Amino acid sequence: TCRKPAIGMLHQAAEEFHLDLTRSFVVGDRIVDIQAGQNAGATTILVMTGYGPQAREECREKKVVPDFIAADIAEAVTIILQKTNGEYPEHD
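All figures in this text were calculated on a predicted structure; none of them were measured in a lab. (Residues numbered from 1 in each chain as written. Predicted model: local features only at pLDDT ≥ 70, side-chain atom pairs only at ≥ 80, totals over all residues. Heavy atoms only, no water.)

*Asks:* I'd like to hear about the pairing of strand E2 (residues 43-47), residue by residue, with values.
*Replies:* Buried residues dominate E2, accounting for four of its five residues. In the sheet, strand E1 (residues 25-28) pairs with E2 via four bridges, with the strands oriented parallel. Paired with Phe25 across the strands is Thr43, a residue of E2. Crossover connection from E1 via helix H2 (residues 31-40) to parallel E2: handedness right-handed. The pairing of E2 with strand E3 (residues 68-70) spans three bridges and is parallel. (Buried < 20%, exposed > 50% of the residue type's maximum accessible area, 1.4 Å probe, protein only. Helix = DSSP H or I, 4+ residues; strand = E, 2+ residues; numbered from the N terminus. Pairing = 2+ DSSP bridges. Right-handed = clockwise from strand over helix to strand, strands pointing away.)

Have a look at this one:
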């Protein structure tokens with residue numbers, strides 16, 4: 001249940017850190033990262049570093065559509081900050 005695209009590890013993190021997965025972001029460079037994020041109801045960002053180019057092609061072939069595509073992790077952070085209005089969610 002913890003192997004992506006299953007969401008077991010995301011549920012564990014949500015419980016441990018009191019996160020709302022529907023208000024969370026999953027950033028990754030593989031299709032399973034995007035699928036796991038979608039399965040959890042999170043916003044997904046595919047980064048084009050690492051396996052990103054291959055993952056983008058695989059996403060196209062399998063009709064998996066990430067919410068955003070970022071050139072790198074820095075751009076992913078910028079997207080997250082813009083989408084959260086630069087506010088950091090409170091947690092316990």
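*Asks:* I'd love a proper account of the side chain of Asp29, names of residues and values included.
*Replies:* Residue placement: Asp29 occurs in the loop between E1 and H2. Nearest to the buried, unbridged Asp29 among oppositely charged side chains is Arg30, at 4.3 Å. Here Asp29 is in contact with Leu46, Val47, Thr49, Gly50, Tyr51, Gly52 and Ala55, once residues within four sequence places are set aside. (Lys, Arg positive; Asp, Glu negative; His and termini not counted. Salt bridge = Lys/Arg side-chain N within 4 Å of Asp/Glu carboxyl O. Contact = heavy atoms within 4.5 Å.)

*Asks:* Summarise the nonpolar core; cite the residues concerned and give the values.
*Replies:* If you look at the biggest cluster of nonpolar residues, it comprises six residues: Ile31, Ile34, Leu46, Ala55, Cys59 and Val64. Those residues within four positions of Cys59 in sequence are excluded, and the remaining contacts are Ile31 and Val64. (Core = buried A, V, L, I, M, F, W, Y, C linked by side-chain atoms within 4.5 Å.)

*Asks:* Give me the lowdown on unusual backbone geometry, citing residues and values where you can.
*Replies:* Residues Lys4 and Pro5 are joined by a peptide bond in cis, for which omega reads 15°. Secondary-structure assignment places Pro5 in the segment before helix H1 (8-17). Here the phi dihedral of His18 falls at roughly 55°; this positive angle occurs in a residue that is not glycine. Among the structural elements, His18 can be located in the loop between H1 and E1. Of the residues examined, His18 reaches a relative accessible area of 48% and is grouped as partly exposed.

*Asks:* I'd love a proper account of the packing of aromatic side chains, names of residues and values included.
*Replies:* Going through the model one piece at a time under the given rule, you end up with zero aromatic pairs. Over the ring of Tyr51 we find Arg30; its NZ or CZ atom is 3.7 Å from the centre of that ring. (Phe/Tyr/Trp six-rings, centres within 6.5 Å; stacked < 30°, edge-to-face > 60°. Lys NZ or Arg CZ within 6 Å of the ring centre and 35° of its normal.)

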